[in-house]
Amino acid sequence: MTGSLQIKNGKFYMALNVYVNGKRKIKWKSTGLTVKGNKRKAEQMLHDTIAAAKQQTAPLYSDMPVSDCVRLWLEKVQRRVDEVTYQGYELTARLHVLPYFDENGLKLCDCTIDTLQSYFDEKYKNGRKNGKGGLSPTSLRQLKNIINQSLTEAVKGGLIASNPCQYVELPRKERYESHYYTAEQLQQLFDAMRDDAMLPLVKITALYGLRRSELLGLKWDSVDFTNGLVFIRHTVSKVTKVVEKDKTKSQSSRRSFPLTDEARGIFLAAKAAEEENLRLFRKSYKVNDYIFKWPDGTPFAPDYVTHHFAKVLKQNGLPHIRFHELRHSCASLLINNGCGLKDVQEWMGHSDIQMTANIYGHLDTARKQGLAEKLTSCLVKQQ
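Reference entry: report on the structure contained in this document. Residue indices begin from 1 for each chain and proceed along its sequence in written order. Local features in this predicted model are restricted to residues whose pLDDT is 70 or higher, and side-chain atom pairs enter the listing and the counts only when it is 80 or higher, whereas totals over whole chains, interfaces and linings include all residues. Neither water nor hydrogens contribute to the side-chain values; these are computed over all heavy atoms in the structure.

1. Re the overall build of the chain
Reasoning step 1: Labels follow the DSSP assignment, with helices taken as runs of H or I lasting at least four residues and strands as runs of E lasting at least two, numbered in each case from the N terminus. The helix and strand tally for the chain stands at 14 helices and eight strands.
Reasoning step 2: Projecting the C-alpha coordinates of the chain onto the three principal axes gives extents of approximately 90 × 80 × 40 Å.
Reasoning step 3: Exposure classes here rest on a 1.4 Å probe applied to the protein chains alone. A residue is buried below 20% of its type maximum, exposed above 50%, and partly exposed in between. Burial statistics for the chain: of 383 residues in total, 38% are counted as buried.
Reasoning step 4: Restricting to contacts in the chain with at least 6 residues of sequence separation, those with at least 24 account for 58%. Any pair of residues with heavy atoms lying within 4.5 Å of one another is described as a contacting pair.

Right, dumping it as structure tokens:
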């Protein structure tokens, strides 16, 4: 088979040369792609179509439901990824992928660009489980990742000739503007939480810019009182159930900080409280190495920390931010006090400086002001 791309009504079509009884006929097939910005995708689609036709004498068809294909992929991917990542895949599939394809019974042999595009368009309009609108572009990309990987496995297994999901178009991903507290707002928060058991956690998070998983993963071997260091070595995460790991999100996340006087005081107070509670609760005390926990030794649950923090803000009339945005508050304070993006990258534990720039580059107003003043000085001299 051979073919070429043609344009009709602003969209790419494949003009495929097929032979019936020795005679050439042109078979037109829509790519579903608009002309603007999609030439490379259309060319790849044409290439895949021709390659698939050459590799087999007859097209592959499978009556396996798409939902079963996703379930098979989940079984395979569980062996390849860590538990937290798998929990995210499984939850997203269970909430947004499997119900849809179980209900409509779409089979692999009927799975096309158009049928998948309809699915993503519907999720964009009405995808939220609470019935209040559609899913965000970021959430749609999570869905596409699951379906795309599932159909790729189907191609590898010889169930379908090509993967139509790779040609689906999604709305442009919007840039997320993180919120954060100023130093004055953080002090107001600390004052409001003066008698709250969560105050030490909030202070350590704001001071070191920790992820929630890193904060709750702090153990006594994370604090070196002698040399004055705090190490990030362990994490406690949750998507559907709590997972404790003696490793961090990435190698760059495994970092150390200087033990400040305030942090030292917080950790020493936690140690003293642990020893007293161990004496009071005796055999009923839940012995473990975690620093932040309830009086009976039970470590603070990730969900509780998040929900309690939101409750505190609401009760005290403070601006709403997510618990994770205490981390952003730390980064903003570093930048606004003259720290460069490279320093912030290392402090926050980002894998590369581009990530830091994407998240916090717009906050670097002091550096930009300096550049503007230098530029103005140069222009004034020229006059």
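The structure having been displayed, the exposition proceeds.
2. Re the sheet that holds strand 8 (residues 256–258)
Whether parallel or antiparallel, the strands of a sheet pair through hydrogen bonds between backbone atoms.
Reasoning step 1: The sheet built from three strands is open, its strands ordered 4-5-8 with antiparallel pairing. The open sheet has two edge strands, strand 4 (223–224) and strand 8, and neither has a second partner.
Reasoning step 2: Here, a strand pair is defined by DSSP locating no fewer than two bridges between the strands. Pairing geometry for strand 5 (residues 229–231) and strand 8, over three bridges, is antiparallel. Bridge pairing in strand 8 places F231 opposite S256.

3. Some remarks on the packing of aromatic side chains
Reasoning step 1: Two rings belonging to Phe, Tyr or Trp (six-membered ring only in the last case) form a pair when the distance between their centres is within 6.5 Å. Interplanar angles under 30 degrees mark stacking, angles over 60 mark edge-to-face geometry, and anything in between is tilted. What the rule picks out here adds up to twelve aromatic pairs.
Reasoning step 2: Seen in terms of ring centroids, W294 and F300 are 4.6 Å apart; in terms of plane orientation they differ by 70°. Their pairing is edge-to-face.
Reasoning step 3: Three or more aromatic residues link up through ring pairs in this structure, and these residues are Y100, F101, Y119 and F120.
Reasoning step 4: Charges are assigned to positions over rings by a cutoff of 6 Å between ring centre and Lys NZ or Arg CZ, combined with an angular limit of 35 degrees from the ring normal. It is K8 that lies over the ring of Y13; its NZ or CZ is 5.8 Å from the centre.
Reasoning step 5: If you follow R233 out to its NZ or CZ, it ends over the ring of F231, 4.3 Å from the centre.

4. A few points about the pattern of salt bridges
Reasoning step 1: By salt bridge we mean one thing: a side-chain nitrogen of Lys or Arg within 4 Å of a carboxyl oxygen of Asp or Glu. Counting across every chain of the model gives 18 salt bridges.
Reasoning step 2: The shortest N-O distance in the salt bridge between K238 and D303 comes to 2.8 Å. You can see K238 sitting in strand 6 (residues 235–238) and its partner D303 sitting in helix 10 (residues 302–315), a full 65 residues away along the chain.
Reasoning step 3: When its relative accessible area of 28% is taken as the criterion, K238 is described as partly exposed.
Reasoning step 4: We classify D303 as partly exposed; its relative accessible area is 30%.
Reasoning step 5: Taking the shortest distance from any N to any O, the salt bridge between R322 and E325 comes out at 3.8 Å.

5. Points about helix 12 (residues 341–348)
Reasoning step 1: Here helix 12 has its buried residues at L341, V344, Q345 and M348. Along the long axis of helix 12, the arc covered by the buried residues comes to 105°, so they all point the same way.
Reasoning step 2: In this fold, the buried residues of helix 12 make contact with helix 11 (325–336) and helix 13 (353–360).
Reasoning step 3: Directly beyond the C-terminal end of helix 12, a positive phi value near 80° is found at G349. Directions pointing from the helix axis toward each C-beta atom define the arc.

6. Some points on the environment of K27
Reasoning step 1: Here K27 is to be found in strand 3 (residues 23–34).
Reasoning step 2: The spatial distance from the C-alpha of K27 to the C-alpha of D68 is 32 Å, given a sequence separation of 41 residues.

7. Some details on the nonpolar core
Reasoning step 1: To form a nonpolar core, buried Ala, Val, Leu, Ile, Met, Phe, Trp, Tyr and Cys residues must be joined to one another through side-chain atoms within 4.5 Å. Ranked by internal contacts, the top residues of the largest apolar core, which has 39 residues, are L189, I204, L215, L218, F267 and F292.
Reasoning step 2: Those elements that provide at least two residues to this core are helix 6 (183–192), helix 7 (199–208), helix 8 (212–216), helix 9 (261–281) and helix 10.
Reasoning step 3: Here this core gets six residues from one element, more than from any other, and that element is helix 7.
Reasoning step 4: In this structure I204 touches G209, L210, L215, L218, A263, I266, F267 and F292, once residues within four positions along its chain are discounted.

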